[in-house]
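Reading the structure
Read off the chains here:
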Amino acid sequence: MTVDPTEKPVGVILAGGLSRRMGGGDKGLLDLGGMTMLSHVISAFRPQVAELVLNANGDADRFAQFGLPVVADPVDGFVGPLAGILAGLTWAAQHAPDARYIATVSSDAPFLPPDLVARLSAELQPGGAPKIVSVASGGREHPILGLWPVALAGNLADALQDGLRKVDLWTARHDQSSVHFEPRQIGGCAVDPFFNANTPEELEEARSLLGVASAQ
């Protein structure tokens with residue numbers, strides 16, 4: 001399978017976690033500036049991808065307002081983000097057979113950069129072999145956010161079946177690179193573009209940032 005960096009990937013929003021630090025429930029459905037946090041993610045991410053899918057477990061009807069396909073983890077037991085990535089890869093293979101990649105983001109990251117997918121895709125060589133491309137910011141890697149070759153779906157399924165759960169242990173088996181992103185200016189503040197609201201305190205911080213932005 002050759003690579004065309006100009007092709008838009010299938011976008012997958014990962015929302016399949018248990019949100020323990022937020023007290024449970026769906027972080028993406030929490031209010032952030034008069035709209036759900038998930039709505040902010042969709043607004044930033046949809047223009048960058050060919051199609052958009054939501055990875056979430058449980059009753060899919062709670063996400064009906066967004067009009068997106070909802071795909072559950074193919075592995076029982078909330079085994080971590082690799083299961084959500086596999087869900088997206090499997091959906092793309094079945095429903096978007098021409099797609100070579102999926103791009104993943106989190107449902108609790110409302111400040112995604114508008115050039116996220118373009119910069120990740122620039123790491124792909126025309127005609128080159130598939131590779132995993134993740135993001136980095138603020139001196140740390142964000143291994144669950146990035147581009148994933150659909151061709152690796154079977155390999156990932158086998159790894160999960162064998163009990164592998166850590167993202168970096170699986171990605172280390174494959175060709176990979178990462179792209180560093182600088183902070184974004186949100187309401188006059190320098191903000192990590194992959195800031196995620198994992199806790200009530202971080203959600204309040206995001207609300208404050210958006211409040212400052214809307215006042216300017």
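Summary of the structure given here. Within every chain, residues take consecutive numbers counted from 1 along the sequence as written. Reporting in this predicted model follows two pLDDT cut-offs: at least 70 for local features of residues, and 80 or more for side-chain atom pairs to be given and counted; totals over whole chains, interfaces and linings ignore these cut-offs and use all residues. Side-chain metrics in this entry use all non-hydrogen atoms of the structure; hydrogen atoms and water are not considered.

1. Here we look at the nonpolar core
The tendency in soluble globular proteins is for nonpolar side chains to be buried as a group. Remark: nonpolar core denotes a set of buried residues (Ala, Val, Leu, Ile, Met, Phe, Trp, Tyr, Cys) joined through side-chain atoms within 4.5 Å. Type-normalised accessible area, obtained with a 1.4 Å probe on protein chains alone, sets the label of each residue: buried when under 20%, exposed when over 50%, and partly exposed for intermediate values. Ranked by size, the top nonpolar core spans 29 residues in total, and within it I13, F45, L54, L112, L116 and L120 carry the most contacts. Apart from the residues lying within four places of it in its own chain, the contact partners of L112 are V41, A44, F45, V105, R184, P193 and F194. Residue contacts are counted whenever heavy atoms from the two residues lie within 4.5 Å of one another.

2. A closer look at the packing of aromatic side chains
Any two rings among Phe, Tyr and Trp, with Trp reduced to its six-membered ring, count as a pair given centres within 6.5 Å; such a pair is stacked if its planes are under 30 degrees apart, edge-to-face if over 60, and tilted if neither. Tallying each qualifying case throughout the model produces 3 aromatic pairs. Centroid distance F111 to F195: 5.8 Å. Interplanar angle 45 degrees. Geometry classified as tilted. With a gap of 84 residues between them, F111 in the loop between β6 (101-106) and α3 (116-121) and F195 in the loop between β11 (189-191) and α6 (200-215) connect regions that are remote in the sequence. Ring centres of W148 and W170 lie 6.2 Å apart, and the angle between their planes is 20 degrees; on these two criteria the pair is classed as stacked. Residue W148 is located in strand β8 (residues 140-149), and its partner W170 is located in helix α5 (residues 167-171); the two are separated by 22 residues in the primary sequence. Elements are defined by DSSP. Helices are runs of H or I of four residues or more, strands are runs of E of two residues or more, and each kind is numbered from the N terminus.

3. Focus: helix α2 (residues 81-95)
Across its 15 residues, α2 extends 21 Å between first and last C-alpha, which sits within 8% of the 21 Å expected from 1.5 Å per residue. Of all the residues in α2, the buried ones are L82, A83, G84, I85, L86, A87, G88, L89, W91 and A92. Working rule for helices: expected span equals 1.5 Å times residues minus one.

The values reported here are purely geometric and, on their own, carry no functional implication.
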